[in-house]
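Tertiary structure, described
Read off the chains here:
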Amino acid sequence: MSSAQATRKMGSLKAQKRFGMAWRLAVAFLAIVFSLFPVVLIFSTSINPVSEVTVTKLIPDNATLNNYRRMLGDPQFPFPLWVWNSIKVSGITSLLVVALTSLAAFSFSRFRFRLRQPLLRTVLLVQVFPNILAVTALFLILLNLGRIYPQLGLNTHAGLILVYLGGAMGFNTWLMKGFFDTIPRELDEAAYIDGASSWYTFTRVIFPLVRPILAVIFILTFIGTYGDYLLARVLLTDKSQYTVAVGLSLFIGEQYSQRWNLFAAGALMAALPTLILFYLIQNQLQSGLTVGAVKG
Amino acid sequence: MATASQAVKKSSAGLQWGGTTSSIVLRLVFVALFDAFAIFTGWQLIQGGVAPLAAVIWLIALGITIVFLRNDAMPLRWIMPGLAFMVLMHIYPVLFTVYTAFTNYSDGHLIPKPVAIQQIEKQTYLPADAKTFAWKVYSGPNDTFALWLTGQDGEQVFKTSTGEKYTAEDLKEQDVQFAEDGSPVAVGEFTPVPANQRFAILPKLQPLSFGPEEEAVRITSPTAAAQVRQKFVYDPVQDAMINQETGVVYANQRGTFTSPEGEALIPGFPVVVGLENFTRLLTSPALRGPLFTIFAWTVIFAFMSVLITFVLGLLLALVLNEPDLPLRRFTRVLMIVPYAIPAFISVLIWKGMFNPVIGIIGSQWDPGWFSSPFWAKVGILIVQLWLGYPYMFLITTGALQSIPGDLYEAAKVDGASGWQQFRSITLPLLLVAVGPLLIGSFAFNFNNFTIIQLYNNGGPPIPGTPTPAGYTDILISYTFKLAFGGGRGADLGLAAAISIVIFVIVGAITIFNFRYTGMLEEVSENV
């Protein structure tokens, strides 16, 4: 094979490769259009002064931020309050979930005791029966607890958080225990030899090393809780107590077509918290760290 | 391993109580406080007629007491907090639901038996020889009322709807002023209602009884009131209500006190009815029809949701899994935006886009996105595709990258075509890696209430069914309608029976998945 021939062949290979890249890029472009089209449309609607279909212009005539202003200031829909309720409920739930599961995972990972296996199995198997199916029972529990402690009853955020904590263990403990197992035992052994208590070892030795998994569990729980519609819808009854998932769904009532642009502004703002959190952990999501995170 | 047993030994080898003095004191105080709280709460619950919940709370308290006082239970102390919530808010509600499925819990049978008896015993009747009075009405704060009663024998007494009673002498002692007709000018916050408003408030007065229960007075006409008697008394021996006026026995029939003539007393209470809810599901044609439609759609919905998102995600992963592709990271970040948006927002956005008036799709082309059974289902699957394919893209990309490249080299040497490589290497290895996630996704979508409920409330409705049911309803949204009423009354027993059907299906799928991934076996090996 002469060098000229080789060069020509390489040239055609390059061309082939370039063609290969071109159509791949075209597919990528189509996928991006599919993904972003509704989002762009919603953005365009949200800055439209009138509730209408905009097909031709990305930026409508007389673009305005009024819809955002109305959503943030209209007492008829306490939208900022709903978002705040959601952030509060999801934040507290996620913090408590991380606390409860990291304690349990530490014990499952580091101690050997008689009930360890049955308990680990139970925790996992309970997850098989989703507690949203028991929503009537949950409703009745809060109703009855509320008669004694009104601050824990129906229509309270504390009660809702209590219910969310019922699903805290399960996959989370499992995921976390797996991560704890990868931390070498020599570390805690060294601490014990120095006379440290288990609590000290957990808080000072292990805790700093497992921060990545704690962050992942926190964010996943936050996203999950923020997106819950069923439990929040059943257990909260007052407009002022609603989470944003329940509140925004009010917009799909009969006046929907007049409020379409308002809804759009609200939807974009409501999506923001989880959008940010999601992009913080997207690499962990891909590495399959998160068996419990299902969607679609 | 050594660490753990050492740690346990170390603590039990020293002091009998283990740990420092302050930690022992702390534990004792915590257990004492928690138990006090649990005992009080449980007691209150029993008073309210909810003994099972009280039992659960006491069980949790017992567990906490044992675990925090016994030294050898130290490892359990770490697990107990999470476990307590799991028992209270997951295991107990699930067991309660199972129990409910075997009862007739429904509208009219909602409150516990003792409470129902109390309510029925509040009913009164007017005996023939009743003491009658002339009355004058007073109104107090918060819609309370009082009567100034003058009996035929000249007895004068003031009775309130809050159950209080004052004789004329009592009032005089309290320095109450009396008007010319002998009635008080005002008693505390109660002031006379002008005569011309008497008829207007009559409907409000009629259901009320005035004064202490044993000598309660009710209004019988615009001018007269009479002392009434308790109408029903519960007889625990016969488990029946006895009408004091007529002597008729109302026996407990399936949670309703019923007379021999079939007259039923309201309210009833839930009782165990055995397999009735399940047999109704299977045999009642009116229930079976929609249930079968709904069940079929639930399976199709969950399966199609996984299939279409997986196929699109995989295709894109195959195309874009090219290390030299320009802007690879950028592409990915933009493509997965739908996955980062909460599902409840995504479905509302698409609902808007399909809207026949304002929707960018619906206003141009509307085959019945919400009104046609078929196209509503298509619409839901389009939403599912949009919000779900980025997840599949992410996990298949991850799995593709983990397939060793030399397998393809070997296949090329053997002269395998691209399609053969895909079918014999990529797909099998990929399915091993993402199979459990696909099954998990199926189980999740089986109960994907948010999408169904927010898209169209399960509609369009299936005509002619005794229970509210829609063509796009899946089992859980149907259950929700049964339990929380679609205007046709709540039937919690039936809803719970369907929940159990879902439990069994989803449970079987998930346990199969655990087996498949060896998750449970891992527990046994990992000692």
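Residues numbered from 1 in each chain as written. Chains lettered and ligands numbered in written order. Predicted model: local features only at pLDDT ≥ 70, side-chain atom pairs only at ≥ 80, totals over all residues. Heavy atoms only, no water.

Some details on the overall build of chain B
For chain B, the helix and strand inventory stands at 19 helices and 13 strands. Taken over C-alpha atoms, the radius of gyration comes to 34 Å for chain B, far larger than the 24 Å a tight globule of 527 residues would show. Here chain B, with 527 residues, has 50% of them falling under the buried criterion. Nonlocal contacts in chain B, meaning residues at least 24 apart in sequence, comprise 60% of its contacts between residues at least 6 apart. Looking at chain B as shown, the accessible area adds up to about 24300 Å², and 63% of this sits on carbon and sulfur atoms. Side chains of chain B give 30 positive and 36 negative charges; the mean places of these two sets differ by 8 Å. (Helix = DSSP H or I, 4+ residues; strand = E, 2+ residues; numbered from the N terminus. Rg over C-alpha atoms; globule rule 2.2 N^0.38 Å. Buried < 20%, exposed > 50% of the residue type's maximum accessible area, 1.4 Å probe, protein only. Contact = heavy atoms within 4.5 Å. Areas by Shrake-Rupley, 256 points an atom, 1.4 Å probe, with all protein chains shown as cover. Lys, Arg positive; Asp, Glu negative; His and termini not counted. Charge placed at Lys NZ, Arg CZ, Asp CG, Glu CD.)

Focus: the interface of chain B and chain A
Of the residues lining the interface, 110 residues belong to chain B; the matching set on chain A comes to 109 residues. Counting the surface lost from both chain B and chain A, the interface buries some 10300 Å², and carbon and sulfur atoms represent 76% of this. Ranking the residues of chain B by area buried against chain A places B:Trp78, B:Met89 and B:Ile358 at the top, with a combined share of 9%. Counting every contact that joins chain B to chain A gives zero salt bridges. Sort the elements by how many residues they give to the side of chain B that touches chain A and helix α4 (residues 74-100) of chain B lands first, with 19 residues. Taken together, the residues that form the side of chain B that touches chain A break down as 77 nonpolar, 26 polar and seven charged. (Buried area = accessible area lost by both parts, 1.4 Å probe. Salt bridge = Lys/Arg side-chain N within 4 Å of Asp/Glu carboxyl O. Nonpolar A, V, L, I, M, F, W, Y, C, P; charged D, E, K, R; others polar.)

Structural notes on the domain arrangement of chain A
Residue and element names in this part refer to chain A. In terms of domains, chain A is made up of domain 1 (3-67) and domain 2 (69-291). At the interface, twelve residues of domain 1 touch twelve residues of domain 2. For the pairing of domain 1 and domain 2, the buried interface totals around 1000 Å² over both sides, and the portion due to carbon and sulfur atoms is 58%. If you list the elements that add at least two residues to the side of domain 1 that touches domain 2, you get α1 (3-46) and α2 (66-73). At four residues, the largest contribution of residues to the side of domain 1 that touches domain 2 is made by α1. Looking at side-chain class alone, the side of domain 1 that touches domain 2 contains five nonpolar, six polar and one charged residues. (Domains from an automatic or database assignment.)

A closer look at the nonpolar core
Ranked by size, the top nonpolar core spans 210 residues in total, and within it A:Phe79, A:Val244, A:Leu248, B:Ile79, B:Ile345 and B:Tyr455 carry the most contacts. In this structure, A:Phe79 is in contact with A:Met71, A:Val244, A:Leu248, A:Gly266, A:Met269 and A:Ala270, ignoring residues within four places of it in sequence. (Core = buried A, V, L, I, M, F, W, Y, C linked by side-chain atoms within 4.5 Å.)

What about the packing of helix α4 (residues 116-126) of chain A against helix α7 (residues 170-181) of chain A?
Two measures define how a pair of helices packs: the angle their axes make with one another and the distance between the axes. All names here are of chain A. At their nearest, the axes of α4 and α7 sit 7 Å apart, and the two run at 130° to each other. Taken together, α4 and α7 sit at an angle that is classed as oblique. Packed against α4, whose contacting residues are Arg-116, Leu-120, Val-123 and Leu-124, the element α7 presents Gly-170, Phe-171, Thr-173, Trp-174 and Lys-177 at the interface. Residues of the contact of α4 with α7, tallied by class, amount to five nonpolar, two polar and two charged. (Axes fitted to C-alpha atoms, helices over the stretch in contact; angles between N-to-C directions. Parallel < 35°, antiparallel > 145°, perpendicular 65-115°, else oblique.)

Quick word on the sheet that holds strand β11 (residues 240-243) of chain B
As a general point, the strands of a sheet are linked pairwise by backbone hydrogen bonds and lie either parallel or antiparallel. All names here are of chain B. Reading across the sheet, the four strands line up as β10-β11-β12-β13 and stay open at both edges, with antiparallel pairing between neighbours. With partners counted over all chains shown, the strands left at the sheet margins are β10 (232-235) and β13 (256-258), one partner each. Pairwise comparison of adjacent strand axes, ignoring direction, gives a mean angle of 30° for this sheet. The strands that helix α5 (residues 113-121) touches are β10, β11, β12 (249-253) and β13; relative to β10, the one it contacts most, it runs at about 150°. (Pairing = 2+ DSSP bridges.)

Quick look at a nonpolar patch on the surface
All names here are of chain A. A cluster of nonpolar side chains, contributed by Phe-29, Leu-30, Val-33 and Phe-37, occupies part of the molecular surface with about 410 Å² of accessible area. Of note, Phe-29 is situated in helix α1. A relative accessible area of 56% places Phe-29 in the exposed class. (Patch = residues over 30% accessible without salt bridge, like charges linked within 9 Å, V, L, I, M, F, W, Y side chains within 5 Å.)

Here's the deal with the domain arrangement of chain B
For chain B, the domain assignment lists domain 1 (4-101), domain 2 (124-230) and domain 3 (280-524). For domain 1 of chain B and domain 2 of chain B, the distance between their C-alpha centroids amounts to 54 Å.

Examining helix α18 (residues 492-517) of chain B
With 26 residues, α18(B) extends 36 Å between its outermost C-alpha atoms, agreeing within 8% with the 38 Å of an ideal straight helix rising 1.5 Å per residue. Once α18(B) ends, the next one or two residues include B:Gly518, with phi positive near 70°. (Expected span 1.5 Å × (residues − 1).)

A closer look at the environment of B:Leu312
Here B:Leu312 shows up in helix α9 (residues 285-320). A relative accessible area of 25% places B:Leu312 in the partly exposed class. Along the sequence, B:Leu312 and B:Leu385 sit 73 residues apart, while their C-alpha atoms lie 8.3 Å from each other. When sequence neighbours within four positions are dropped, the list of residues in contact with B:Leu312 reads A:Phe34, B:Leu385 and B:Tyr389.

A word on the pattern of salt bridges
By the definition in use, this model includes eight salt bridges over all chains. For A:Arg110, the salt bridge identified is with A:Asp188, shortest N-O distance 2.6 Å. Of the two residues, A:Arg110 is situated in helix α3 (residues 79-110) and A:Asp188 in helix α8 (residues 185-193); the sequence distance between them amounts to 78 residues. With a shortest N-O distance of 2.9 Å, B:Arg280 and B:Asp491 are connected by a salt bridge. With B:Arg280 in helix α8 (residues 276-283) and B:Asp491 in the loop between α17 (475-484) and α18, the pair connects residues that are 211 residues apart, well separated along the chain. For B:Arg280, a relative accessible area of 28% gives the class partly exposed. We classify B:Asp491 as buried; its relative accessible area is 16%.

Here we look at the packing of helix α6 (residues 157-166) of chain A against α4(B)
Axis separation between α6(A) and α4(B) bottoms out at 7 Å; the angle between their running directions is 100°. By the angle between their axes, α6(A) is roughly perpendicular relative to α4(B). On α4(B), the residues touching A:Leu162, A:Val163, A:Leu165 and A:Gly166 of α6(A) are B:Phe85, B:Met86, B:Met89 and B:His90. For the contact of α6(A) with α4(B), the residue count by class is six nonpolar, two polar and no charged.

Considerations on α17(B)
Burial analysis of α17(B) places nine of its ten residues in the buried class, which makes it a mostly covered element. Among the residues of α17(B), those classed as buried are B:Leu475, B:Ile476, B:Ser477, B:Tyr478, B:Thr479, B:Phe480, B:Lys481, B:Leu482 and B:Ala483.

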